[in-house]
Every structure is written in structure tokens, then in C-alpha cells.
Amino acid sequence: MHWECVVLRVLLLHTALVQGFGILPGSSQSHLEITEKALLNAAVQTCRLLAQADGTNFSPPPEPFTPENVAAACNVPQSTRAFRIALRFIILRNVRVDLRFALNASFHFDEEMLNEGRDIITARMMAVKASNKEENFEAARQNLGELLHPLQDFYSHSNWVELQNTRPNPNLIRSDVSIGNIADRSRATCRSCDGDDCTNNILEDIIRDNVLTSGYFSIFPTAEKPPGKCSHGGALDVTSRIDPRGGINKDTFDSDHGHLHTEAANMAIAATGELLEDIREAAGSQTFLQMMGISKGSSKALCFVIDTTSSMAEDIAAVQGVTTSIIDSKVGTENEPSVFILVPFNDPAVGPLLRTSDPSEFKSAIDALEASGGGDEEELSLTGLQLALSSAPFNSEIFLFTDAPAKDEQLMSTVIALIERTQTMVTFFITDSPSVNRFKRRNSRLSSSEVQVYRDLAQASGGQAIELSKTELPTAASVITESASSSLVTLLQASRSPGRTDTFSFLVDQTVTNVRVYITGGSTLTFTLTSPTGETQQSSETSGPLIDSSQTAGNFRSLQLNRVQGQWNVTMVSNEPYTLRVIGQSPIDFFFDFVEVSQDVFTGFGPLETRPRAGVNGSLLVTVTGSSSATVTDVTLVASSGSEEIRGAVSPQEGGNVLVQVERIPTEEFMVRVEGQDDSFPSSTSRVTFQRQSPTSFRSSNVTITADSDDILDPASEFSVPFSVMASDAGGTFTIRATNSRSYASTFPTSLSLESGSANGTVTLSAPMNTPSGTDVTLTIEAEAPGGGDSNYIVLRISVVNSVNDFTAPTCQQVSLQANCSESCSLSTWMVILRVADGDGGTGVERVDLTQGNGTLDTSLEAGNENVTLATYNASCCAPEMSLLFVDRVGNSGTCSFSIREGLQGAQSHSTKVTPSLFLCVVTLVLCVLTEGRIK
């Protein structure tokens, strides 16, 4: 991205709304509201389908749908937090299109770039389907959010609604058919509005001939448009003041065609729903809900990064024991982890990464780990951690086990960047090496300098660096079991390096149970606990009124507190570095994003992908989970290792979000603390006042780095990422680092001169040709100022999608039918064999699912033809109907249905090509009584 493009982007932060439905909620329907309504509807319909398949009742939630009542209706209330996070991620990626691609007409269906807009939608649909197949749900959500923006804009920016269409355009999500009769560039489409009245500015012949068009848009004074063409319209659209004057957008009620805003918004909701249904059919209902953040168990992930060199046998055994305990005790409960991630590392091998939602598969992989190899002292621990951070869900917790120093310390800044971006906590278990010291050390423990990299990363993430002997590991590993709780919250997180005497406070409210204190520090550390009632207990007292139980392992101490509501204090005394973390279990928690906010006539915000700028104002978008009636009273940025606190101004938004604006972002590391109130808990005798804190520490920067690229990488082509670096108060030569989570071959400049205040560079990536579609790669680009005193980064998630030419769903035909149905239907059966074929150029049938019917379905490949699957269905004559859903290997899906009625002496069949749209193209085979013939 060149300097002038960076300036333009800053300008567009103040004009974002001109390019689509309103961003923020109001009287008009916004992109936020349209997207959230469609996503909630899709979740409800998917849960209904799953209930029907299980033969259970489904009670829909009351309207209006909310994440809380939808999760409750789906019988997974513990998923509310993850559901909200997923929804907001998708929505903010939708909104970001107005900031990232504000003047790209294709992303908004402007300037009659209708086929180009459709190509954006279908390419990202393919990426979503491929990512879901690989369970890379974060990448799927990113592409879903970005494709929904142009999909929704089609109905606001084109004349589809003016052509009196009452249903969405089904061909917007298909790349193999025409989306309609698009106006030639030379054909006039509009006349000037009659003053402020633009209701009839589209020409009659355009309407009569059913011709598609859309408006031109530009903010530049030198803008032009072809003669006779429509404009987008609005105060900032220069083309709307060129004949023909006015515009046709329906973004808000105040737009030139605002009289059709409701119709356009409702059409956009319906179109979003149809696209989501297509994605659901390709993924399957359970996988689709996982993409939405809804799962039967906990929203937590269980993530292990494990050194598998020869000295780690005892550690691996401890991990295997913990894994067995968690899986045996939590699978099938609301605390079952939603995803399991394993990254083994050795030297030089790292991986392969396993990410699965199947606890049995994860347990088998853990049990299969063996300690071997490791020819030198240091290991690739940070490479393994980088891979885990790139694959773990937002807000995860990762546990890393090693007894060796990091061989790849150069990745430390990259790992910290990923920790900040994903707000993931990392806890290190650092054990001593065996007595038969393979490294010939003077002693078996790592030196303080060798451990420091792990301590620094733990402090940045809010985790612990637990240093202990291998025999103590099972005791400390209880931390892992406790972390699996779906309702774990952080009440306090603090660290001091170097150590010093300090007093910390934390609030235990009525909803908090199972309060634990985790401390790491040197042997000289002491502390004093003071309860809300004024009682005290010293660290030297092994039993007393405040501590129910205590465990010590190495430099780690865990305390179980007797639950007393109110304000607690803990005074820490040590000259050595220490960390303090207080956790509990409560339904009330929060999550947040740093956002960039415009302050002009049009107001909007998008997620910040870099560190916030130091010393200037900034914004956060905060959401409280676990209660639909909770209110946020204060949000404060708290120095991680000091006493500075900066309180923000709180502004409630629609959907339970809170926009927080602070006058100054701290220049030192900081965390986020949220305070609020809630009165919806019937067990409480008074209003709940709560306080929660983010474990992750964040940094600010005076360096600005931006990057722009496609989000989809085709292994057949070199992938380029242009980026720019700017510095507000420093010039000189900046160090550039670019790393990716898959270790793909890459090129980039290792330094850039910023003597003029900014500089540009390009990163290129090359993925192996055999990379499976749906693989995602996280690219981190870092810029470090001279002397290393300041740095910033940008993290890009890129989806690998191989080129495909298969855009047609499989077809379904009858092979044979056998039936002996009689009046006693329970004593008779019928069987049909259907041939599901993906055609000569197809990628092959991946799966065939029974979506209706109480019989049994068996599938097999046709002999000699891998593109054909034979589906054999057997059922009682009391169950005369069945429906199949079939999906090919690139996600094209279709259905066919079959109905039988006793008494008919022959079969009638009809076969039609199945398309991947929502509309059913039905293959019908009918047996019915002569007087009650019925075509299904």
C-alpha cells in the first residue's frame, strides 16, 4: 500500500457509511442488524433441524432473538459467550469492508460491477466451505463476514428491488450462471431526480426490460461517470451532482431511494439466510453451529504444546493422565472442551498440528506421543507455540510443556503479537532435566536467563511460568483441569518485575464461586490475605479462616479461598519477580476489541488489527456475557506492572455492546478492567456489582503498519501482501520481520528506511501445490524502530483455496425399487437405491446425509467410478417418505426426495439437475393410491 493510499484510508474512516447499509443501529436497518438477524435465524433453524433429526422437541426462543435466548433454545446456554464472540467477529468483518474496501466498487456492487461483486461472493463462499471442512472456523468467519457485505449491498445499491423482485437473486451465490441482464456501459439508466424526489429517476425501459444497473460513486472532485448512468447518491458522492443528478441507493430511510429501504434490508436478510443455508448444507449442521460458536460442551479449547524430546517421558505421562481425567470427567457435560489442539515439537520437527472436536481422537493422539530424539540442548518451543496460537480459538488457554530452552527466541515478538491479537493465555510447565543430564549441565534446571523468555511470554498473556521438578508436575497440572470450566473468569491479574511490596484488591460478587489464587515467585515471597470482614491470614499459615486448601509445586502456589463476598486484599512482599492471578467461576464475563472509530457525519467502527497508537485517544468495544440485563459502569485501562489507571467514557450500543473511549492509550503495558451491575440473578438478595479483568497485557505503539491483500491464497500463484510503515516521532532504518504459521517460503525486505516518515514493502508467500483447500495461514508482519524501543505488527489470516472448476452439485437418479407394502404397514418394508453422481468433471461426492426419514441409509462407491455414490435406503412402509442431502468435495450441495404410497403397481420417476442454491431441485419417485396420487 502506497503512502497516498494510507492517507485515503484515514479519510475513509470519516466517510465509511456512504458505501453500504448504515453501520451503527438506528431507525434504518444497518449491516450490523441485518447480519445479526440472519445469523440468529440460521442458528435457530439449524437447532430445529438437529432436534428433528434426534426426534426431540424444539421450542423456538421468544422474539426478538438474542444470543442468550437462542443458545438457551439450542440447549447450550454455556455457548453464549463463544456464540457472541463469533457473531461479533463476523459482523465486524462485514463492517470492515466499508473501511478496507471503501472505494472498491466490486465490494459494493457499484458502477455496474455486478459480475465482479458476484465473483467476490462466490470465491469467499468457497473459502468458507473449505475452512469449515478443515475446522478452521476463525478463517471461515472472516471470509463469511467479508462476503456478506457485498451480498447485502447488492439489494441496496442495485435496482433489484426497483425491478419489483420479491425474492433474493439466487445466482449471486453461483459462479456458473448469469446473475441477470446487466446494462451495457453505453446504455442510459437514469434521469435526474425531480428536486429531492428520486422515486422515479430510473428510466422506464430499464424497468420494462428487466435490466440490472447500479449507481456510480466517487468522493474525488474530478470524478466522472458515463453519460446517462445512475449515481449512488448522497452528500459525499460527487457523481450525484453530475447529470443525471441524484442517486438510487437505499442504505437508509434518508437515502435517495430510502422509500425502498425496508424492502432492500429485508431482501438482504433473506439473501443472507439463503447463503447461510447453502453453507450449512455443505458443512453439516453440527459443523455449521461450531462455525457459529455453538457447541454442546464448553466454549473452552484444550490446547497442548508438548516437547517430545527424549527427556520428556515423565512430562508426557503427566499430560496423558490429565487428558484422560478431563475427557473421562467432562465429556458429555457442559464443561467438555469444544475443540482439542495438540502441537508436538522436537528439533527440527514441529507438528503436525491436530485440531479436532472428537475427544477420542485427541486422547488417542496424546496416548501415541513418545519421547525420543533431540540432539542438542535447545528446542523449537516458540515455533510450536506460534502454530498453536494461529489455530486456537479467540480467548483460549494454551499449556506448553518443556524442559529445554527456546532455540527460536527470534520468534518472541511474533508470539507476543499473536497473544495480543487472540487474547490467549499461555501457561508454561518448565521441568528440570533428568539426572542423566543429556546436556551435561552443572545442574538439571534451566538457568534464570533461559527461563526468562517463558516468564515474559507468560506475563504478557496472563498465564504462569511454573518451574518445578518432574515429580511435582502432576500436582501443578491440576491448573489444567480447573481451566476447563466453561464459566472461568479472571477477577485479578497482576505482575511485578522486579518484585516489590504491593497490595492488590479484587471483588468477589454474589455470582462467583470456587475462588482460587495462583501465585508464582521466588522462595522468599510472602503474602497476607485480608477478607472483606477484616480477617487476615499469612502465607506461613497452612490452615486458617480464609484458605480452604493450598498446594505448592516448585515456584507455583495454588490457594482455594473460603468464599466470602466483598472486597479482598492481598499484600505481596518480594524483591524477586512474581505474578498473581485470582480466578473464580461465574456466568458473568466480558470480551472486547480495540476498534477504530470515525467521528464525522457518518459514524462507524472496525476492528483494529494492530497495536493502538500510544499517548492518544482510543476506543474499545466491550460486551458483557452471561446476562442480558447487565450494565457496564466503568472500563479502565490498568498498568500491568504499575499503578497507572485510565478510565474510559462508556457509551451503550445496541445488542448489548458498549463503546468505550479513552482520552489516552497508556505508553506502558496495560490490561482492561470492567465493572458493572446486574439485578437479574434471583438467588441474589441485592443488585450484583461485579468486576472482571482481562488476563492479557497489551502494548501501544507510535509506529503504524498497514497491509492490504486478498484473504485467499491459490497455491498455483504467488501471493503478495503490500504493506506500509509510518512513524510519528522516529525516522531511520526500521527492522522488518515477516513470519507465517505454516513456514511457507516467503520473501520480504528485512529493513525499511523511514527518513521521509513512511516506507512501503511487500511480503510474498508460496504455498506447496499439494496444500489442502481450507488450510489457513497466519502471516505476522512486524516493524521495529531503531534501537528496539518501539514496534508494531499486523496479523493477517489467509485461507488457502485451490483453483476449482466444479460449480455444479451432484445429481440423483433411481437405480432400483423394491416394495411389498400392504395394509399392515408395520409388517412390510420398501427399499430404493439411488445413484448420486458428480459428473465427469466433478470433484466427487463427499457425503450423503439422510435429512428426512426413519429408515436406514447405506452408501458405497459405484464399482469403477469414484464420482458416483450408491445410496441404499430401507424403511418400513409406515415411513413412506425420505429426503437426502448430498455434497461434493468442494461444497456444492443438492437434495433429492422420495415418496412411496402403497397400492400403486408401478413407479414414476423424474430427475432434474440439482443446483447448489437454496431452492430444491427434486428427483421424485412416487408410489401412491390411484385416487390419492401425489407429487412431492
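Quantities reported herein were computed from a predicted structural model and do not represent experimental measurements.

What counts and what doesn't
Residues numbered from 1 in each chain as written. Predicted model: local features only at pLDDT ≥ 70, side-chain atom pairs only at ≥ 80, totals over all residues. Heavy atoms only, no water. Helix = DSSP H or I, 4+ residues; strand = E, 2+ residues; numbered from the N terminus. Expected span 1.5 Å × (residues − 1). Buried < 20%, exposed > 50% of the residue type's maximum accessible area, 1.4 Å probe, protein only. Polar contact = N/O pair within 3.5 Å; in protein donor to acceptor, adjacent residues only side chain to side chain. Contact = heavy atoms within 4.5 Å. Phe/Tyr/Trp six-rings, centres within 6.5 Å; stacked < 30°, edge-to-face > 60°. Lys NZ or Arg CZ within 6 Å of the ring centre and 35° of its normal. Arc of directions from axis to C-beta.

### As for helix α6 (residues 137-157)
The terminal C-alpha atoms of α6 lie 30 Å apart, and with 21 residues this matches the ideal 30 Å at 1.5 Å per residue to within 8%. The buried fraction of α6 amounts to 21 of the 21 residues, a majority that puts the element mostly inside the structure.

### Observations regarding unusual backbone geometry
In this structure, Pro64 follows Glu63 across a cis peptide bond, with omega equal to 0 degrees. Relative to the helices and strands, Pro64 resides in the loop between α2 (31-54) and α3 (67-73). Each neighbour pair has its own omega, and for Ser497 with Pro498 the value is 5 degrees, a cis peptide bond. Relative to the helices and strands, Pro498 is located in the loop between β9 (488-496) and β10 (502-508). The phi dihedral of Asn75 is positive, around 65 degrees, even though this residue is not glycine. Phi at Gln423 is positive, roughly 50 degrees, even though this residue is not glycine. Relative to the helices and strands, Gln423 resides in the loop between α13 (412-422) and β7 (425-431). The exposure class assigned to Gln423 is buried, which follows from its relative accessible area of 10%.

### A word on the side chain of Asn657
Topologically, Asn657 is positioned in strand β24 (residues 657-662). On the basis of relative accessibility, which here comes to 14%, the residue Asn657 falls in the buried class. Of note is the side chain of Asn657, whose polar atom sits 2.6 Å from the side chain of Thr623. Dropping the residues within four chain positions of it, Asn657 is found in contact with Arg88, Leu621, Val622, Thr623 and Pro652.

### Regarding the side chain of Thr46
Examined against the element boundaries, Thr46 turns out to sit in helix α2. Looking at Thr46, its side chain comes within polar contact range of the main-chain oxygen of Ala42, at 2.8 Å. Residues within four places of Thr46 in sequence aside, it is in contact with Arg280, Ser285, Phe288 and Leu289.

### A word on the packing of aromatic side chains
Evaluation of the coordinates by the stated rule reveals 21 aromatic pairs. Summarising the aromatic geometry, the rings of Phe428 and Tyr454 are spaced 5.2 Å apart at their centres and angled 35 degrees between planes, so their arrangement reads as tilted. Separated by 26 residues along the polypeptide, Phe428 in strand β7 and Tyr454 in helix α14 (residues 448-461) bring together distant segments of the chain. Like Phe428, the residue Tyr454 is buried in the burial classification. The structure contains a cluster of three or more aromatic residues connected by ring pairs, namely Phe304, Phe340, Phe362, Phe399, Phe401 and Phe429. Of note, Arg93 hangs over the ring of Phe89, and the distance from its end group to the ring centre comes to 4.1 Å.

### Focus on the environment of Arg455
Turning to its location among the elements, Arg455 is positioned in helix α14. For Arg455 and Phe220, which are 235 residues apart along the polypeptide, the C-alpha to C-alpha distance reads 52 Å. With residues near it in sequence (within four places) discarded, Arg455 still touches Ser448, Ala465 and Glu467. A distance of 3.1 Å separates a polar atom in the side chain of Arg455 from a polar atom in the side chain of Glu467.

### Let's talk about helix α11 (residues 359-367)
Regarding α11, the residues found buried are Pro359, Phe362 and Ile366. Angularly, the buried residues of α11 cover 65 degrees about the axis, an arc narrow enough to put them on a single face. Structurally, α11 contributes buried residues whose contacts are with β3 (301-307), α10 (313-330), β4 (339-345) and β5 (354-356). The backbone nitrogen of Ser360 lies 3.0 Å from a side-chain oxygen of the residue at the head of α11, namely Asp358.

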